[in-house]
Amino acid sequence: LELNELIKKKDDLENLRSQYRIINQEFIKLTEKRTRIIELISGKSNLETLIAQLGVIGKKNNIEFVSIIPKKVIKFTDNISEQNTEKKDLIIDPMLVEGTKKYLIEFNFKTNFVNLLSFLRELEFQENIIFINDIDIKSNNEKIDTNKGSILRIKLLMTIYGKL
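Computed from a prediction, not measured in an experiment: that's the story for all the values here.

Peer 1: I would appreciate a short explanation of the overall build of the protein chain in the present structure.
Peer 2: Regarding its fold elements, the protein chain presents four helices and four strands. For the protein chain, the sequential pattern of α-helices and β-strands runs α-α-β-α-β-α-β-β. Within the protein chain, the fraction of its 164 residues that count as buried is 27%. Long-range contacts, defined as pairs at least 24 residues apart, comprise 78% of the intrachain contacts of the protein chain with a sequence gap of at least 6. Surface exposure of the protein chain reaches about 11800 Å², of which carbon and sulfur atoms provide 56%.

Right under this line is the structure:
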């Protein structure tokens, strides 16, 4: 009787070990998928690197930055707590996943129209997901260069997703 119990427990132990291996392999796969999702959304670099890159792109496209104003930072955990408190007006951001944060940044700069288009084209190819929420373009009547066109004042409100 005790021998049968011992054999049964031994078999159960082997079954539990095999289940553990299977669960552990699935956990590793899910962790890798999660990491890939975070990298797709937030890129591999942090916000400081992205802003430095925007500076390089701006310089390359003759952009004169006037100001960079961080408006808001929302972390994934903040998003969950907001969901719990405001169930009626719930707006879920599908890009805001665990391990990421969302930056709302206002950029003010001066350039001509052709350089603005080049800047926006290069902005598209950054590895972070970047949404342009609002763009306000005003003519800056200070300088009119017939070769380059008139200088524009641009206010660009962007949402950028980055790593925590």
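Peer 1: Any chance you could explain the packing of helix H2 (residues 47–60) against helix H4 (residues 113–124) here in plain terms?
Peer 2: The axes of two packed helices give the description: the angle between them and the distance between them. Contact geometry of H2 with H4 gives a least axis separation of 9 Å together with a crossing angle of 150°. As summarised for this structure, H2 and H4 are arranged roughly antiparallel, according to the angle between their axes. With respect to the hand of their crossing, H2 and H4 are arranged in right-handed fashion. For the pair H2 and H4, the contacting residues are Leu54, Ile57, Gly58 and Lys60 in the first and Phe119, Glu122 and Leu123 in the second. A breakdown of the residues in the contact of H2 with H4 according to their chemical character gives four nonpolar, one polar and two charged.

Peer 1: How should I be thinking about the packing of aromatic side chains in this particular structure?
Peer 2: Taken as a whole and judged by the stated rule, the model has five aromatic pairs. Taking 6.0 Å as the distance between ring centres and 90° as the angle between the ring planes, the aromatic pair formed by Phe131 and Tyr161 counts as edge-to-face. Residue Phe131 is found in strand S3 (residues 130–145), and its partner Tyr161 is found in strand S4 (residues 149–163); the two are separated by 30 residues along the sequence. Accessibility expressed as a relative area gives 36% for Phe131, which makes it partly exposed.

Peer 1: Can you walk me through the pattern of salt bridges in this structure?
Peer 2: Note on pairing: side chains with opposite charge can pair once their charged atoms come close. Scanning the model with the defined rule gives seven salt bridges in all. The salt bridge involving Glu106 is made with Lys71; its shortest N-O contact spans 3.2 Å. Remark: Lys71 occurs in strand S1 (residues 64–75) and Glu106 occurs in strand S2 (residues 100–111); sequence separation between them is 35 residues. With a relative accessible area of 9%, Glu106 lands in the buried category. Residue Lys71 is classed as partly exposed on the basis of its relative accessible area of 46%.

Peer 1: Sorry if this is basic, but what is going on with the nonpolar core here?
Peer 2: Most often, soluble globular proteins keep nonpolar side chains buried together rather than apart. One finds Phe107, Phe109, Leu156, Met158 and Ile160 to be the most contacted residues of the largest nonpolar core, which totals 18 residues. Within the residue set of this core, elements represented by two or more residues are H2, S2, H4 and S4. The element that contributes the greatest number of residues to this core is S4, accounting for five residues.

Peer 1: Any chance you could explain the environment of Asn128 here in plain terms?
Peer 2: Here Asn128 is to be found in the loop between H4 and S3. Ignoring any residue separated from it by four or fewer positions in sequence, one finds Asn128 in contact with Ile41, Ser42, Gly43, Ser45, Leu50, Ile160, Tyr161 and Gly162.

Peer 1: Help me understand a nonpolar patch on the surface in this model?
Peer 2: On the surface, a cluster of nonpolar side chains totalling about 310 Å² of accessible area is made up of Leu3, Leu6 and Ile7. The exposed category is assigned to Leu3, whose relative accessible area is 57%.

Peer 1: So what exactly am I meant to see when it comes to the side chain of Gln126 here?
Peer 2: Secondary-structure assignment places Gln126 in the loop between H4 and S3. Of the residues examined, Gln126 reaches a relative accessible area of 17% and is grouped as buried. Non-local contacts of Gln126, meaning those with residues more than four positions away in its chain, are made with Leu50, Gln53 and Ile57.

Scoring rules and cut-offs
- Residues numbered from 1 in each chain as written.
- Predicted model: local features only at pLDDT ≥ 70, side-chain atom pairs only at ≥ 80, totals over all residues.
- Heavy atoms only, no water.
- Helix = DSSP H or I, 4+ residues; strand = E, 2+ residues; numbered from the N terminus.
- Buried < 20%, exposed > 50% of the residue type's maximum accessible area, 1.4 Å probe, protein only.
- Contact = heavy atoms within 4.5 Å.
- Areas by Shrake-Rupley, 256 points an atom, 1.4 Å probe, with all protein chains shown as cover.
- Axes fitted to C-alpha atoms, helices over the stretch in contact; angles between N-to-C directions.
- Parallel < 35°, antiparallel > 145°, perpendicular 65-115°, else oblique.
- Left-handed = near helix turned anticlockwise from the far one by under 90°.
- Nonpolar A, V, L, I, M, F, W, Y, C, P; charged D, E, K, R; others polar.
- Phe/Tyr/Trp six-rings, centres within 6.5 Å; stacked < 30°, edge-to-face > 60°.
- Salt bridge = Lys/Arg side-chain N within 4 Å of Asp/Glu carboxyl O.
- Core = buried A, V, L, I, M, F, W, Y, C linked by side-chain atoms within 4.5 Å.
- Patch = residues over 30% accessible without salt bridge, like charges linked within 9 Å, V, L, I, M, F, W, Y side chains within 5 Å.

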